[in-house]
Structures are given as C-alpha cells and as structure tokens.
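Notes for the structure review
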Amino acid sequence: MRPPSPPVFQPLSAGLRLMLVFTSVLVAIAGVQLYVLTEQTAHYFAWTVGPPLTAAFLGAAYWASGLLELLAARERLWARARVAVPAVLTFTVLTLLATLLHRDRFHFAAPAALTRAAAWAWLAIYVAVPLLLGALLLRQFRAPGETPRRERPLPTGILVALAVQAGTLLGFGLTLFVAPEATATLWPWALTPLTGRAVGAWLLGLGVAAAQACAEDDWWRIGAAMRSYTLLAALELVGLARYPRTIDWTRPGGWIYLAFLVSILAVGLAGWLATRPAPRRGDAPVGWPAAG
C-alpha cells in the first residue's frame, strides 16, 4: 500500500500578499505624518489632529499595523497570515465611514497643495483598500488547501489575557465609534467626535486581531500579531512619555490606560519570545515554513 499523501495546506494568495505589502507602505507613511510630524498635522496630514498625544496614538497604531501586514505578507501559508486581514479590513471600513461622517474636517480645500493632496489621497485610499481587500479575502477563502492542526496552543494565562484585552478593545471601541461625544469623557485625554471615531476604529481593529488570536490559539499562527502587539505598546508608551501633561494624572483614566498598555506589552513580549527563534526541523507540522 502507498503511504498517505502529506496534506496540502492553503497558501497565502499572491494577490493578498501584494495587497498586504502595499498597505504596509501606506500605513508606514501615515505613521511618519502622525508619529514624527506629530504637531504639524495641519500641514502634512489629511486632517488636523489634536492634541499631539492623539496624533502619536494614531501614528503608533499605523506603524504597528504596518509591521503586522509586512510580516503577514512574508508568510507562505494563509493560516499564518490571516490574523492580519480581518483586523485591517475592519479598521479601513470604519475609517472610511468616519471620514464620510466628518468630511467637513478634512483638508480637501486647503490652500496648500501638499495639504490638499494628503486629504484626497486619504479618501482615495480608504475607498479603494476596503473594496480590494474584501474581494481578495473572498478569493482567499475559496482557495483549495487545508489548515494545519494546532501544534502549540497558547498557555491559559495568555489566552485569558488576550480575551480580556479583546473584550475591552471591542467594547470600548464600539461605544467610542458609535457615540464619540458621550464616550470621549471616559478617555484619558480630550477627543473630538472625529478623533474619537478614529481612535474607536483602531480599538475595534485591534480588538478583532486580539479576538482572532484567541480563536487561532496557536503560537505559529499569531507570531506576526505578537510582534505587532509589542511594537504598538512600546510606541504608545513612548508617545505617553512625550506628552505626559496631556493627561490629568489625578484621575484614574490615565493610570488605567497606562496599565492596559503594560498588559499589551507583556502579552506581546511573551508571544514574541514563544515564537523565537524560528522553529527547527520537526518543531512545526509538515508544511509550516519558519518564515516566508
């Protein structure tokens, strides 16, 4: 009798790989506009973001997302890349909605050509990316191949921490996006309706990624997300150190926010360590590449 054929695992499609690379470049640029040029968004970004801590928060999220997308694009298997895609799709759809709801706040008619270009490029990107990403995701779902079985389940403590973080991000993100003026009072610094929805869109995207990491429950499948999680927390903490006076530290909101960032950093670092170094032969199931 012939030995059974080894399973054929579902690959990451070429189209989705290219899309992830493309969007990683876009968010890297947005990160520069927000995290580096934090106090100059009136000239170099699609809309004026204030206070500067808000710009730093958004810029950190963009850079962390860029790392997630780039690492996911390097993977050969869909099971190791898919933790990035639903989160990105969620964020881009919500950001387009926030843009349309607050289009009067954007620099579409700014005197400076560079400022106008930033606004129109923003709109074009957030119209095109959700459509293209959604279509590519549907094609990916129809691609043949199996999903490898779970080989390295997450420890219970990490799984619980991720679940709590996912619930917090999704719950607060949803209320902030739907009712930014009412919910913004719970945020540790002042937000406008537009920045409230922008922050809410990021919280929801991050919450989707954290929830999916729980559902995947395998270190090999969420390595990219753990590295992105670590970078996100580190950059947000640096942003907080840059603008500490933006927060009223006599109130509990700032300390809760700080503690939450530390918890994200701890989970991210644990995941990073758990997936480094690359697995040796025999440490991962057949077909699992160590990297793209």
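Above this note sits the structure.
Residues numbered from 1 in each chain as written. Predicted model: local features only at pLDDT ≥ 70, side-chain atom pairs only at ≥ 80, totals over all residues. Heavy atoms only, no water.

**Some details on the side chain of R227**
Note on placement: R227 falls in helix α10 (residues 223-242). The buried charged residue R227 lacks any salt bridge, with E75 as its nearest oppositely charged partner at 7.5 Å. Not counting residues up to four positions away in its chain, the partners in contact with R227 are L67, L71, W272, T275 and R276. (Helix = DSSP H or I, 4+ residues; strand = E, 2+ residues; numbered from the N terminus. Buried < 20%, exposed > 50% of the residue type's maximum accessible area, 1.4 Å probe, protein only. Lys, Arg positive; Asp, Glu negative; His and termini not counted. Salt bridge = Lys/Arg side-chain N within 4 Å of Asp/Glu carboxyl O. Contact = heavy atoms within 4.5 Å.)

**Quick notes on the pattern of salt bridges**
Counted according to the given criterion, the structure contains 4 salt bridges. Among the salt bridges present, the one from R80 reaches E75, with a minimum N-O distance of 3.4 Å. When sorted by exposure, R80 lands in the same class as E75, which is buried. Of the charged contacts, one joins R149 and E151 as a salt bridge, the two residues approaching to 2.7 Å between their closest N and O atoms. Under the relative-accessibility criterion, R149 is labelled exposed at 62%. In the salt-bridge network here, residues are joined through shared partners; they are R82, E216 and R221.

**Quick look at helix α11 (residues 252-274)**
Between the first and last C-alpha of α11 there are 33 Å, a value that for 23 residues agrees with the 33 Å anticipated at 1.5 Å per step. Of all the residues in α11, the buried ones are G254, Y257, L261, I264, V267, G268, G271 and A274. (Expected span 1.5 Å × (residues − 1).)

**Let's talk about the nonpolar core**
Among the nonpolar cores identified, the biggest contains 85 residues, and W47, F57, L58, Y62 and L162 are the most heavily contacted of them. Among the elements that make up this core, the one with the highest residue count is helix α3 (residues 52-74) (13 residues). (Core = buried A, V, L, I, M, F, W, Y, C linked by side-chain atoms within 4.5 Å.)

**Thoughts on the environment of T115**
You can see T115 is positioned in helix α6 (residues 113-142). Residue T115 is classed as buried on the basis of its relative accessible area, which comes to 4%. The spacing of T115 and A42 is 73 residues in sequence and 7.7 Å in space, taken between C-alpha atoms. In this view, T115 contacts A42, H43, F45, H107 and A110; residues no more than four positions away in its chain are not counted. A distance of 2.8 Å separates a polar atom in the side chain of T115 from the backbone oxygen of H43. (Polar contact = N/O pair within 3.5 Å; in protein donor to acceptor, adjacent residues only side chain to side chain.)

**A few points about empty space enclosed by the protein**
Empty space left among the atoms is revealed by rolling a probe the size of a water molecule over them. With the rule as written, the count across this model stands at 2 cavities of 30 Å³ or more. Estimated volume of the largest cavity: approximately 190 Å³. Contributing elements (two or more residues each) for the lining of the largest cavity: α3, α5 (85-101), α9 (193-216) and α10. Broken down by element, the residue count for the lining of the largest cavity peaks at 6 residues, all from α9. The calculated volume of the second largest cavity comes to roughly 70 Å³. For the lining of the second largest cavity, the secondary structure elements donating two or more residues are α3, α5 and α9. (1 Å grid on protein atoms, 1.4 Å probe; cavity = no way out; pocket = protein on both sides within 12 Å on 5 of 7 lines; lining within 4 Å. Points joined across faces, edges and corners; volume = space filled by probe spheres on them.)

**Quick look at the environment of T275**
Relative to the elements of secondary structure, T275 occurs in the segment after α11. Linking T275 and I247, residues 28 residues apart in sequence, is a C-alpha distance of 35 Å. In contact with T275, not counting residues within four places along its chain, are W219, W220, G223 and R227. A polar contact is formed between the side chain of T275 and the side chain of R227, at a distance of 2.7 Å.

Take it as geometry only, folks, not as evidence of what the structure does.
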